[in-house]
Amino acid sequence: MSWLSSSPGVVLTAYHPSGKDQAVGGSHAQGGEEATSSRRYGQYTMNQECTTKVTEKPPFDRSSSQDSLDEESNMEDYWTELENIKKSSENRQEDQEVVVLKEPDEGELEEEWLKEAGLSNLFGESAGDPQESMVFLSTLTRTQAAAVQKRVETVSQTLRKKNKQYQIPDVRDIFAQQRESKDKAPDGTESQSVRTNENKYQGRDDQASNLIVGEEKLILPEDAHTCETDINLEVSFAEQAVSQKESSKEKTQKSTDNNALSPNFRLPKDKTGTTRIGDLAPQDMKKVCHLALIELTALYDVLGVELKQQKAVKIKMKDSGVFGVPLTVLLEQDQRKVPGTRIPLIFHKLISRIEEGGLGTEGLLRIPGAAIRIKNLCQELEAKFYEGTFNWESVKQHDAASLLKLFIRELPQPLLSVEYLKAFQAVQNLPTKKQQLQALNLLVILLPDANRDTLKALLEFLQRVIDNKEKNKMTVMNVAMVMAPNLFMCHALGLKSSEQREFVMAAGTANIMYLLIKYQKLLWTIPKFIVNQVRKQNTENHKKDKKAMKKLLKKMAYDREKYEKQDKNTNDADVPQGVIRVQAPHLSKVSMAIQLTEELKASDVLARFLSQESGVAQTLKKGEVFLYEIGGNIGERCLDDDTYMKDLYQLNPNAEWVIKSKPL
């Protein structure tokens, strides 16, 4: 907000107090001093002394953001929610353990980072033979390779200081091969493709928003005049940031007349199909996570934002119950009752109870239930929920909403995870809205499955609440203000924030919450450049495996000619050129040869098969079965309906095409 300021280079975090706590002032000090001077949070009191502190700074220029909501009324929901949280915690017994955060030793974070990136064999006792990672490293972009190299250098220096006995590889040796391949750029995947593809998007969003960027973040109102633009998922986000920085140096200072127009980003149409989280096989998704971590780190490195992961020391936590129980433990006990469930049953039931009361209720999520009643309901739920004897009719709608928020707050580890909560908070320090969305996209991919699935269910529910804003008066900004403190102020981590830090965090975390809600479909998409990197890894691994197999067969004096002939036959299509054979083992028509045309989509292929079913079966199957791309340069990928089959066939000619249902 215009009355919030943050020092350049300070990473806002809920873990360690900032050395540069911010004061409150600006337009708010003048216009709302009386209202806020009597408001207390914790033990810190707003007074005249802190307001005069900011009068030395020039007020934020709001000439380009007159459409923004009034700061005081907009932020009132946030502070009211904090007061409600405080009252709720006073009426709850703090019987759960506080998660202990371990301060990492020198090089420890980098070691952990390399392990999570799938590059643990670049250091340690296996460092003498880093060949296993060479295929992976060969697919990295320049900025990704630089991020890896930086961490390897830190670990290498740390290990040398510790006088480890095993050999430590020279970083220059590890990356020499990659530099040569990148310099040659035979496929044009690096510098040329970055610049060519980025030109389509450059200029549209390099000054993405004067309302949601920079040191002071104002949330864009829904009725502001905005433009729509595709977000570029074809080129590495970090490479785009480098390209943008280089181009901005060449540009002269332009008029800021259009800066007030903040683009609404949308998913681009991709003829080879959009890949969403859950569409890939586990082995490929693991590679995606490795690449997402490296890409996120590279993006933060390029933009000069510190990215540090936090590790929690394992301590004894509740292993049963409803509130204050780890998500994984809840899901284990819930899956014994409902096999295949992906979000906690209590979470699902609370959302259902809220929706039963109608989403048009004014002030939904904002108006709290009575604190004493909430405490009693918690005790009853702990005792009766899993016995099936809890009386849900006694739960009022606002009580259910308060219980839902309480459930999120009392998770022993935050819903956004211990490891990445700081990274989520640091998103507010990225300079443009586009880069904030790119970082959030990668962070969502990196969340543990249980956290990601539960977050998705929450965001989908919040969107349904917002869809009824005409009745309930809860816009996306109102909901973001109310929900932000519940997701970002994790009391299980022992966070005792001062009011000053709460003010600093307020606008930033509310903005992040706003982006999570508004762009959830985009954020659950796997960027095309990462999927292409996975394809390249798989192709290189297939070549490596093939060579190893031939070498093994030769040693065994096997009939190599027979093997090679058989291998050649499997690569040759058993159907004419331009035709694919689609298998559907669970449908009446188990196989069909389909002619590829420029306009043929995955939905057309499904329709042809389903038209062969009987009337009732056709209705049942629609939406339950999907077309899959299997093998070739991908493990397994569920295709979206708008995938153009000819374009995908050209990208992966050795794939098999199978119609089946999605696994639970």
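Remember, predicted model here, so these are calculated numbers, not experimental data.

The rules behind these values
- Residues numbered from 1 in each chain as written.
- Predicted model: local features only at pLDDT ≥ 70, side-chain atom pairs only at ≥ 80, totals over all residues.
- Heavy atoms only, no water.
- Pairing = 2+ DSSP bridges.
- Helix = DSSP H or I, 4+ residues; strand = E, 2+ residues; numbered from the N terminus.
- Axes fitted to C-alpha atoms, helices over the stretch in contact; angles between N-to-C directions.
- Phe/Tyr/Trp six-rings, centres within 6.5 Å; stacked < 30°, edge-to-face > 60°.
- Buried < 20%, exposed > 50% of the residue type's maximum accessible area, 1.4 Å probe, protein only.
- Lys NZ or Arg CZ within 6 Å of the ring centre and 35° of its normal.
- Parallel < 35°, antiparallel > 145°, perpendicular 65-115°, else oblique.
- Contact = heavy atoms within 4.5 Å.
- Nonpolar A, V, L, I, M, F, W, Y, C, P; charged D, E, K, R; others polar.
- Salt bridge = Lys/Arg side-chain N within 4 Å of Asp/Glu carboxyl O.
- Expected span 1.5 Å × (residues − 1).
- Core = buried A, V, L, I, M, F, W, Y, C linked by side-chain atoms within 4.5 Å.
- Arc of directions from axis to C-beta.

### Quick word on the sheet that holds strand β7 (residues 579–583)
Part 1: The strand order β8-β7-β11-β9-β10 describes an open sheet built from five strands, whose pairing is mixed. If you trace the sheet from one side to the other, it starts and ends with β8 (591–595) and β10 (634–638), each paired once. Pairwise comparison of adjacent strand axes, ignoring direction, gives a mean angle of 25° for this sheet.
Part 2: Examined bridge by bridge, strand β9 (residues 625–631) and β10 share four bridges and lie antiparallel to one another.

### Some words on the packing of aromatic side chains
Part 1: Enumeration over the complete set of coordinates arrives at six aromatic pairs.
Part 2: With a centroid separation of 5.1 Å and 75° between ring planes, the pair formed by F237 and F529 is classed as edge-to-face. Of the two residues, F237 sits in helix α10 (residues 237–250) while F529 sits in helix α23 (residues 528–555), which places them 292 residues apart along the sequence.
Part 3: A ring pair is formed by F385 and Y386, whose centres lie 4.9 Å apart and whose planes are at 75°; its orientation type is edge-to-face.
Part 4: Residue classification places F385 among the buried positions, given a relative accessible area of 13%.
Part 5: An aromatic cluster is built from F385, Y386, F390 and W392, whose rings are joined through pairwise contacts.
Part 6: Directly above the ring of Y628 sits K660, whose terminal nitrogen or CZ lies 4.7 Å from the centroid.

### Section: the packing of helix α13 (residues 345–356) against helix α18 (residues 449–466)
Part 1: Where α13 contacts α18, the two axes come as close as 11 Å, and the packing angle between them is 5°. Judged by the angle between their axes, α13 and α18 are roughly parallel. Contacts from F347, I351, I354 and E355 in α13 reach T454, A457, L458, F461 and R464 in α18.
Part 2: The class makeup of the residues in the contact of α13 with α18 is six nonpolar, one polar and two charged.

### Here's the deal with the environment of K384
Part 1: Locating K384 in the fold gives a position in helix α14 (residues 371–384).
Part 2: For the pair K384 and G321, spaced 63 residues apart in the sequence, the C-alpha separation amounts to 9.7 Å.
Part 3: In this structure, K384 is in contact with T389 and F390, ignoring residues within four places of it in sequence.

### Structural notes on the pattern of salt bridges
Part 1: One pass over the structure, following the stated rule, counts 20 salt bridges.
Part 2: A salt bridge links R353 to E356, with the nearest nitrogen and oxygen atoms 2.9 Å apart. Separated by three residues within a single helix, R353 and E356 lie in helix α13, roughly one turn from each other.
Part 3: You can call R353 buried: its relative accessible area is 13%.
Part 4: Residue classification places E356 among the exposed residues on the basis of a relative accessible area of 51%.
Part 5: Measuring nitrogen to oxygen at the nearest pair gives 3.8 Å for the salt bridge that ties E540 to K543. Taken as a pair, E540 and K543 lie in helix α23 at a separation of three residues, close to a single helical turn.
Part 6: Owing to a relative accessible area of 46%, K543 belongs among the partly exposed residues under this scheme.

### Examining α13
Part 1: With twelve residues, α13 should cover 16 Å at 1.5 Å per step; its first-to-last C-alpha distance of 16 Å lies within 8% of that length.
Part 2: What α13 keeps buried is the set L345, I346, F347, L350, I351, R353 and I354.
Part 3: Residues of α13 that are buried make contact with α12 (327–337), α14, α15 (397–409) and α18.
Part 4: A positive phi of about 90° marks G358, the residue just after α13.

### A closer look at unusual backbone geometry
Residues other than glycine predominantly adopt negative phi, and peptide bonds predominantly adopt the trans conformation.
Part 1: Although it is not a glycine, S417 adopts a positive phi angle of roughly 75°.
Part 2: Relative to the elements of secondary structure, S417 occurs in the loop between α15 and α16 (421–426).

### Remarks on the nonpolar core
Part 1: Counting residues in hydrophobic clusters, the biggest one holds 131 residues, and the most contacted among them are V148, Y300, L365 and L462.
Part 2: A total of twelve residues in this core trace back to one element, the largest contributor, which is helix α11 (residues 282–303).
Part 3: I594, L600, L606 and L639 belong to the second-largest nonpolar core, a separate cluster that totals 22 residues.

### Things to note about the pairing of β9
Part 1: Across six bridges, the pairing between β9 and strand β11 (residues 656–661) is antiparallel. In the sheet register, I630 faces β11, and the bridge partner there is E656.
Part 2: Remark: two residues form the turn of the hairpin made by β9 and β10, two consecutive strands paired antiparallel; G632 in that turn has positive phi of roughly 75°.

### Here we look at helix α5 (residues 108–116)
Part 1: Among the residues making up α5, those that are buried are L109, W113 and L114. With its buried residues spanning 135° around the axis, α5 presents them on a single face.
Part 2: For α5, the elements touching its buried residues are α7 (142–161) and α11.
Part 3: Positioned one or two residues after α5, G118 has a phi angle of 75°, which is positive.

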